[in-house]
Amino acid sequence: MSFFDKMKASIGIGAAKVDTKLEKDSYKQGETVKGNVFVLGGNTKQEINGLYIHVMTQVLREQDDRKYLDDVTLYKIKVSDAFVIEKGEEKVIPFSLQLPYETPITVGDVSVWMKTEMDVTFALDPKDKDYINVLENETVSSFLKAIESLGFYLNKVKNVPFKRSKTGVFQEFEYKPKGGPFQRSLDEVEIGFVADAQSVDLFIEVDRKARGLSGFLESAAGMDESKIRVQYKHFQKESVETAKQELTDILSRYSR
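Residues numbered from 1 in each chain as written. Predicted model: local features only at pLDDT ≥ 70, side-chain atom pairs only at ≥ 80, totals over all residues. Heavy atoms only, no water.

A. Structural view of the overall build of the chain. When its secondary structure is counted, the chain shows four helices and 15 strands. The burial tally for the chain puts 45% of its 256 residues in the buried class. Counting only contacts in the chain whose residues sit at least 6 apart along the sequence, the fraction spanning at least 24 positions is 64%. Counting every atom, the chain has about 13,800 Å² of accessible surface; 48% of that belongs to carbon and sulfur. (Helix = DSSP H or I, 4+ residues; strand = E, 2+ residues; numbered from the N terminus. Buried < 20%, exposed > 50% of the residue type's maximum accessible area, 1.4 Å probe, protein only. Contact = heavy atoms within 4.5 Å. Areas by Shrake-Rupley, 256 points an atom, 1.4 Å probe, with all protein chains shown as cover.)

This is the structure we're talking about:
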């Protein structure tokens, strides 16, 4: 193992490579992800300090009137302690991790990926990026289907920072009416969810249409928005029809 080979490996030339293979590419929120990390040795022996897998997404941040997307880690695990990879050697390291229940659903421009990181001293850390499709859990699915059945369409979805969630990320779904019973009374409805293994908290923000002078004054004063929070236990198994009735009751109270 020459000094020249070590120097090349430290800048990524002929260094060990990492590649992660998942059992599948679609998972529900809270589901266990399984796979294998393949480590292929390069042109020289290398000491690896550890292997890590991050569950990643992006959040929309604002600073000085500027909006930008920022990569954030939702969850991180260590899948291997330190080891040595010999020249040309291949190691296969199995792993499993549970997706956070708050993992954003991959809809619209929202993406989620697994980043595998190999920690190598005095060298570029080899990385691997694998996108996954994240599906909603049963309760979230029922409410998303229910609001569309009430005549709303999904206008925008985004991830924003949120200190009250375990991941620090909150996914907002912005709906606008295109028909149905609330077309004349509501401008938009934003909904989002904060979940764990026991329950799902539904957050709703209602924006009423300004009607007449009093409605204009309410809107100008920022009084046309109403915020609601409701908690549902997973064992309740909210059906689409039940979710539709509950949304109807909530939105009716704030659309007068």
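Read on for the rest.
B. Structural context of the sheet that holds strand 10 (residues 127-135). Here we have five strands laid out as an open sheet, ordered 2-10-9-5-6, and mixed in their pairing. Of all the strands in the sheet, the pair left with one neighbour each is strand 2 (26-28) and strand 6 (66-80). Neighbouring strand axes in the sheet, compared pairwise and without regard to direction, differ in orientation by 35° on average. The pairing of strand 9 (residues 112-119) with strand 10 spans six bridges and is classified as antiparallel. Looking at the pairing, T116 lines up with D128 of strand 10. (Pairing = 2+ DSSP bridges. Axes fitted to C-alpha atoms, helices over the stretch in contact; angles between N-to-C directions.)

C. Here's a closer look at the packing of helix 2 (residues 138-149) against helix 4 (residues 240-253). With their axes 8 Å apart at the nearest point, helix 2 and helix 4 run at an angle of 60° to one another. In terms of axis orientation, helix 2 runs oblique to helix 4. Where helix 2 crosses over helix 4, the two elements pack in a sense that is right-handed. Contacts between helix 2 and helix 4 involve S142, F143, K145, A146, I147 and S149 from the former and V240, A243, K244, E246 and L247 from the latter. (Parallel < 35°, antiparallel > 145°, perpendicular 65-115°, else oblique. Left-handed = near helix turned anticlockwise from the far one by under 90°.)

D. Just the confidence of the model for the chain, in detail. Averaged over every residue, the pLDDT of the chain is 86; residues scoring 70 or more account for 86%. Across residues 1-13 the pLDDT falls below 50, and counting only partners more than four positions away or on other chains, this stretch makes 15 contacts in the model. Confidence over residues 211-221 falls short of pLDDT 50; this stretch has nine contacts with residues more than four positions distant or in other chains. (pLDDT = per-residue confidence, 0-100.)

E. Structural context of the sheet that holds strand 8 (residues 90-98). Pairing is antiparallel in the open sheet, where three strands are placed in the order 1-3-8. One side of each edge strand has no neighbouring strand; the edge strands of this open sheet are strand 1 (17-22) and strand 8. On average, adjacent strands in this sheet sit at an angle of 25° to one another, irrespective of strand direction. Here strand 3 (residues 32-40) runs beside strand 8; their pairing, made up of nine bridges, is antiparallel. Pairing of K34 across the sheet is with S96, part of strand 8.

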